[in-house]
Amino acid sequence: MPSSSKNRFLKLEVINGKNFRVHSDRIPAGIYVSIYTGWKRHWQSTIKVLSSDRSVVWGDSVTLSSHASPAYVVLPALSVEIRASYEADRMLGGGEVIGKLQMSWDGLLDHGDELYSLSFPPVQGVRPSLTLKATVVHTCDDQNGTLSDYFVDSKITQDTDAGHAELAKYVTRKRVSHLNRAIQHFQSVLDQCPVSHPDRATALTNLAWAYLEGYNRNDVQNIGTTTSLFRDALALRPQCHPDRPFSLYNFIKALALRYKKKSVGADIREAAQVYQELLPLCPEGTYLRSTATGADGVDYMVRRCNKLPTDASDEGIHLRRVVLELCPLGHQLHRNALNNLARAVKARFDQCGSIDDIDETIQLHREVVFLYLEEHANREGDLTNLASVLHSLFHHQGKLDDLDEAISLHEEVLRLWPVVHKSRDFSLGNLGGALITRFKKRSDIDDITRAVSLYREALTLCLLGHPYRDTTLNNLALALITRYDELDVSEDLNEAIDRYRESLQLKQLDNPERHVTLRGLSSALYSRFTQTEKNEDVEEAITLCQESLASLSSLHPGRYFSYRWLQEAYLSRYRILHNPTDLSLAIENFRLASGHPTQGFPRRIQTALNWVNGAEGYQHDSALEAYQVCLKLFESHVMMRSSIISRREAATAFRRARSLSVDAASCAVRCDNLQQAVELVEQGRGQQWSLASRLKTPVEDLESANPTLAHTYLELSKRVSNVAQSSATITDRAAADRAATEYRQLTRQWEAAVAEIRNIPAFLRFLLPPSYKDLQAVARQGPVIILIASQYSCSAIIVPTSGDPHHIPLPSVTLVDLTNLKDRFARAIRQASRMNPAESRTDLIALSRIIWDEIMLPIVNVLEHVLKLKRRSRIWLCLTAAFTSIPLHAANPFITKPDRSKEPCLEDLYICSYTPTLSALVRSRQLMKKRVPPSFVAIGQGQPSAGKGKELLAVDSELELVHKLVPATANRTSISGDAATRAGALEALQENTWVHLACHGKQDRIQPYDSHFVMKDKHLTLLDIMERDIPHAEFAFLSVCHTAVGDEETPDEVIHLAAGLQFSGFKSVIGTLWEVDDAVAKHVVEAFYQYMFRDGVMDCTKAAWALNRATHSVKTKVPLEQRMVFVHIGV
């Protein structure tokens, strides 16, 4: 047994402790140990954070001395206390006592130098303990903790400690008197802590916790006071305050308890948002984190949030995002959180129609399907959710791939569910609805027949009394009326009406889907009216649709469909009764439906197109408005597509829209508004080029006015362009969806920058569709003639250098005539290519006379006699529709005068050029400001790889010839043979300002962006060229076949190789309309460059004149079709 401790030093180490609980159920900010020696001296360990297993590690030590006591004095016992501190920063009072023990000095030495455990009375059934070590030392180590004098605390401290003690007694003994005393003490402390007092937050928290304990045990009724106190305390502990995490947790506890008792959704929503801030502030391994993330913490809150109804408001969606953040990947509730967020975002899409919302919904559902691929539980539900939103996306954007995928997913669900599954009727209906949608797009009878069968099967599963019988009846009726519209079987129509009526009888007046059945029955009655002309049917149809509208809010998606059917009903009644009021009402509903923002562009475009047809057909004065609405919707729809190819897909999806711009211009002409006709034809045609060129608009003036904004605009333009280019190569559906979403997000940022630019007075019309005044600038160097080929009229509009445009009717020319003329030219060219050069091209001559007499002569008469345009002046032709495939520059009367002189042809009178659009010519002239020293490259590929075309024997000699004719002052290079690869040609195009290209070329009329020049290894495609920006490029001569021939599907888009080079930066381009014979074409090439460089100056604006002179000079060497083949485009 060790000797007495008198006159010794005793080193006491507090190693660690475990099983720490507090009586009051609070989460302590830290735990510490206090030792009292009995001579008003005490020592306190550091305050350490409680770990998740309720343990603490200290490693603190103190040196105790007994030398001051006389030998005859019995040393007093030591008092050891474990205390909980509720403040990590400034501590108020001593905190709450967890455990307290008395022990003798000698008892400390009973264990020698070994660790031993000191056990305390149980708290909540568990004994807390400390691990200590006591060692006798002969000197005092100053590095150890030291004793301090124990003094009487202030009243604020005494009240705080008394409050903690009373509250602990209340929790353990459940006597309200203890609670009341605790509240009195804590209220006294708060009264002593005014607003500016550093301990006010602590005082507020202590009082609030006492109220919370009382409320939890039903001894306090008003929880409002508690939450207000916690909220005030939180406000006093800002970001980065060490006690803020505990204030956040306390506030959450109050909100959760109030929700548990009162079920107020706002409480659990606020608790979730507070948790979002709290969790990042809780270090791993701490008791605070384990409690906050446990079953009674965030998991409880998430489960309660999951039970809240779907809220499509911004606040509701924000809550779902918070919940998802609180349930990261791997969390048991992650799947539910994803689905709930998807439902909320989809609900907002249903209300507002934002494409971003439907995109996000799809991404969320794809994530669920991918992450939980192996889990069979609710797999069918995951697939159904994804299929449903893909179906919605199709309605919004019109991409058939989305609809096909939706149908495949619905079919997979049916395969997974057994025949007797309780939800089979639901899946049958989903698949039936998707098949109806596809039938309306593709008219495949198998789709609608199958849909009817699926709905009939579903109806057998929904007997009388089934909650979804009314919906199934409605769906079967829809399938029947859809089949009737295609096959005209009256039995289908009559059954559809009966099924709709039966469904309507089952629906209560407050049923949120009642409007669907009202509208469906209305459409069926309208259909019967068109068959029987019974007025009661159309009257009831109109009444039902009006009832449907009355039940819907202004932004409800269903209003679109009600407007559409009202329009149909009014128009049908107008056809029978000829009441002008019905026509006006029909037009108004066209206007409302096409403008309803909740629907996607495809539906609204189709409605606007129907409006155009109706207004044109009945000669209503809203026709021009309908065209304008349609063009604006169409541009917005195409703009939302990320890649160039997908934009063309969107452009070709609406067959009627292909002639939209020329029909709109024709309408404006018929309304005597020629300036608007010019604006409309420019706005609607060349849309692919217009959208892409926006990202390449020169901004020198803007850089001078606002350099920062100009930089922002250019950077965003670059990012949008890069995303658009990269998205074209993505094949994975999910990745493509993400890329499309990124593109739209960037596009909105770009649009915001453009809007900011337009706030600058000098840039009010920045990137807006050009006005006539803007477009007239294109005619400064010569008039521009726009040839309009519409189903309603064919005519020309001359845009002069100044003044109003001039209209030239072409009464003897129709769209059918132009189509026939185009075909006759194609046959004549093919025939001429097989003829001997010396043979007369009789058919070509006859066709050239036709285009002179019927098209170009009326225009020339106005140029000569009205505009007084001098001969040999420059003119530009801007062609639309069928005109784009007719060589108007070759118009020739082929008449010999009595004096044996020739009647002048168009190219004798004027220097003729083409421009794809007026804006393209404006842009080329703007870029002429950026001229650099010229460099010339000749690229030739006469020996392509096997399967890529026949050998072109004259290519090498053509390159040599061109090289000799280019001025020696220019930097001249040539690329041919094995060096003329795709990469080599692209590099040459980017590094040189002048280019001559001699090789095979092919215009792809199915996918024009695949049109290409044939190089040694790979094709150099139009898409390759468009993706390059070559602002310093000036001139390109394309001694290649088919480089200036447009696309049959979208003729107004003038998507061909020559236009692609102009778009990329070349201001002046020589292209070809059909196949070039390289053996004779070199004569035109030689003559062209001789004229072009006869004064030794490289000026691309002389190209049109040089080509005009060249084709005249080689008449005896080159046959007619090989002279007509070359055209000039640009400045």
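Residues numbered from 1 in each chain as written. Predicted model: local features only at pLDDT ≥ 70, side-chain atom pairs only at ≥ 80, totals over all residues. Heavy atoms only, no water.

### Some thoughts on the packing of helix 41 (residues 1078-1092) against helix 42 (residues 1103-1113)
Packed helices, taken two at a time, are described by the angle between their axes plus the distance between the axes. In contact at an axis separation of 8 Å, helix 41 and helix 42 are set at 130° when each is read in the N-to-C sense. It follows that helix 41 is oblique to helix 42 by the angle criterion. Seen from above, helix 41 lies across helix 42 with right-handed handedness. Facing Val1084, Ala1087, Phe1088, Tyr1091 and Met1092 of helix 41, the residues of helix 42 in contact are Ala1103, Trp1105, Ala1106, Leu1107, Arg1109, Ala1110 and Ser1113. Tallied by class, residues from the contact of helix 41 with helix 42 come to 10 nonpolar, 1 polar and 1 charged. (Axes fitted to C-alpha atoms, helices over the stretch in contact; angles between N-to-C directions. Helix = DSSP H or I, 4+ residues; strand = E, 2+ residues; numbered from the N terminus. Parallel < 35°, antiparallel > 145°, perpendicular 65-115°, else oblique. Left-handed = near helix turned anticlockwise from the far one by under 90°. Contact = heavy atoms within 4.5 Å. Nonpolar A, V, L, I, M, F, W, Y, C, P; charged D, E, K, R; others polar.)

### A look at the side chain of Arg519
Secondary-structure assignment places Arg519 in helix 19 (residues 514-532). The buried charged residue Arg519 lacks any salt bridge, with Glu513 as its nearest oppositely charged partner at 7.0 Å. At 3.2 Å, the side chain of Arg519 forms a polar contact with the backbone oxygen of Gly558. At 3.4 Å, the side chain of Arg519 forms a polar contact with the side chain of Ser562. Those residues in contact with Arg519 that lie beyond four places of it in its chain are Cys545, Ser548, Gly558, Phe561, Ser562 and Trp565. (Buried < 20%, exposed > 50% of the residue type's maximum accessible area, 1.4 Å probe, protein only. Lys, Arg positive; Asp, Glu negative; His and termini not counted. Salt bridge = Lys/Arg side-chain N within 4 Å of Asp/Glu carboxyl O. Polar contact = N/O pair within 3.5 Å; in protein donor to acceptor, adjacent residues only side chain to side chain.)

### Focus on the pattern of salt bridges
Under the counting rule described, the total for this entry stands at 39 salt bridges. Across the pair Arg450 and Glu411 runs a salt bridge whose closest N-O atoms are separated by 2.8 Å. Placement of the pair is Arg450 in helix 16 (residues 445-461) and Glu411 in helix 14 (residues 400-416), with a sequence separation of 39 residues. One salt bridge connects Arg670 with Glu616, and the closest N-O pair in it is separated by 3.0 Å. Placement of Arg670 in helix 26 (residues 660-670) and of Glu616 in helix 23 (residues 601-617) is noted, with a sequence separation of 54 residues between them. On the basis of relative accessible area, Arg670 is assigned to the partly exposed category, the value being 39%. Several salt bridges share partner residues, and in doing so they unite Arg456, Arg469, Glu495, Arg499 and Glu502 into one network.

### Some points on the sheet that holds strand 4 (residues 56-65)
Here we have 4 strands laid out as an open sheet, ordered 4-1-8-7, and antiparallel in their pairing. Each edge of the open sheet is held by one strand with a lone partner, namely strand 4 and strand 7 (116-119). In this sheet, neighbouring strand axes are inclined to one another by 30° on average, regardless of whether the strands run parallel or antiparallel. The pairing of strand 1 (residues 9-18) with strand 4 spans 8 bridges and is antiparallel. When the sheet's bridge partners are listed, Val14 is paired in strand 4 with Asp60. (Pairing = 2+ DSSP bridges.)

### Some thoughts on the environment of His466
Within the fold, His466 resides in the loop between helix 16 and helix 17 (469-487). A residue is classified by how much of its surface remains accessible, and His466, at 25% relative accessible area, is partly exposed. Within the local environment of His466, its side chain forms a polar contact with the backbone nitrogen of Tyr468, the two atoms lying 3.0 Å apart.

### Here's the deal with the nonpolar core
Leu787, Ile855, Leu888, Phe1013 and Phe1088 are the most contacted members of the largest nonpolar core, which has 207 residues in total. When residues no more than four places from it in sequence are discounted, the contact partners of Leu888 are Leu787, Ile851, Ile855, Met856, Leu877, Leu879, Phe883, Leu906 and Tyr914. Counting residues in hydrophobic clusters, the runner-up holds 104 residues, among them Ile27, Ala84, Leu229 and Leu255. (Core = buried A, V, L, I, M, F, W, Y, C linked by side-chain atoms within 4.5 Å.)

### As for a positive patch on the surface
A cluster of basic residues, Arg824, Arg827, Arg830 and Arg834, forms a positive patch at the surface. Tracing the backbone shows Arg830 in helix 33 (residues 815-833). The exposure class assigned to Arg830 is partly exposed, which follows from its relative accessible area of 46%. (Patch = residues over 30% accessible without salt bridge, like charges linked within 9 Å, V, L, I, M, F, W, Y side chains within 5 Å. Areas by Shrake-Rupley, 256 points an atom, 1.4 Å probe, with all protein chains shown as cover. Charge placed at Lys NZ, Arg CZ, Asp CG, Glu CD.)

### Description of the packing of helix 26 against helix 27 (residues 674-684)
Running from N to C, helix 26 and helix 27 cross one another at 175°; their axes reach a closest spacing of 8 Å. Comparing the axis directions of helix 26 and helix 27 gives the class roughly antiparallel. Residues Ser661, Val662, Ala664, Ala665, Ala668 and Val669 of helix 26 form the contact with helix 27, whose participating residues are Leu674, Gln676, Ala677, Leu680, Val681 and Gly684. In the contact of helix 26 with helix 27, the residues fall into 9 nonpolar, 3 polar and no charged.

### Quick look at the packing of aromatic side chains
The description of an aromatic ring pair uses the distance of the two centres, along with the angle that the planes make with each other. One pass over the full model with this rule turns up 15 aromatic pairs. Residues Phe1037 and Phe1126 carry aromatic rings whose centres are separated by 5.7 Å and whose planes lie at 55° to one another, so their mutual orientation is tilted. Taken together, the residues span a long stretch of sequence, with Phe1037 in strand 21 (residues 1035-1039) and Phe1126 in strand 23 (residues 1126-1130) at a distance of 89 residues. With a relative accessible area of 0%, Phe1037 lands in the buried category. Through pairs of rings, three or more aromatic residues link up here, namely Phe936, Trp994, Phe1035, Phe1037, Phe1088, Tyr1089, Phe1093 and Phe1126. Taking NZ or CZ as reference, Lys261 lies 4.4 Å from the ring centre of Tyr215, over its face. The ring of Trp876 carries Arg925 above its face, with NZ or CZ at 4.8 Å from the centroid. (Phe/Tyr/Trp six-rings, centres within 6.5 Å; stacked < 30°, edge-to-face > 60°. Lys NZ or Arg CZ within 6 Å of the ring centre and 35° of its normal.)

### Some points on helix 37 (residues 955-965)
The set of residues buried in helix 37 consists of Val955, Glu958, Leu959, Leu961 and Val962. On an axial view of helix 37, the arc spanned by its buried residues comes to 160°, and they lie on one face. Turned more than 90 degrees away from the buried face of helix 37 sit Glu960 and Lys964, all of them exposed. Residues of helix 37 that are buried make contact with strand 15 (935-941), strand 16 (971-976), strand 17 (994-999), strand 21 and helix 41. (Arc of directions from axis to C-beta.)

### Re the pairing of strand 8 (residues 129-137)
Relative to strand 8, strand 1 runs antiparallel, the two being bridged by 9 bridges. Bridge pairing links Glu13 to Lys133 in strand 8. In the sheet, strand 7 pairs with strand 8 via 4 bridges, with the strands oriented antiparallel. Looking across to strand 8, one finds that Ser117 is bridged to Thr131.

### Structural notes on unusual backbone geometry
The backbone phi angle of Asn218 is positive, close to 65°, even though this residue is not glycine. For Asn218, the location among the structural elements is in the loop between helix 4 (200-216) and helix 5 (223-235). Overall, Asn218 belongs to the exposed group, its relative accessible area being 52%. Non-glycine residue Asp488 carries a positive phi angle of around 60°. Tracing the backbone shows Asp488 in the loop between helix 17 and helix 18 (490-506). The exposure class of Asp488 is exposed, given its relative accessible area of 53%.

### A closer look at a nonpolar patch on the surface
Nonpolar side chains collect at one region of the surface, where Leu329, Phe370 and Leu371 lie side by side and expose about 340 Å² of accessible area between them. For Phe370, the location among the structural elements is in helix 12 (residues 355-371). Judged by relative accessible area, Phe370 falls into the exposed class, the value being 65%.

### A few points about helix 14
Compared with the 24 Å implied by 1.5 Å per residue over 17 residues, the 25 Å span of helix 14 between its first and last C-alpha is a close match. Every buried residue of helix 14 is accounted for by Asp402, Leu403, Glu405, Ala406, Ile407, Leu409, His410, Val413 and Leu414. (Expected span 1.5 Å × (residues − 1).)

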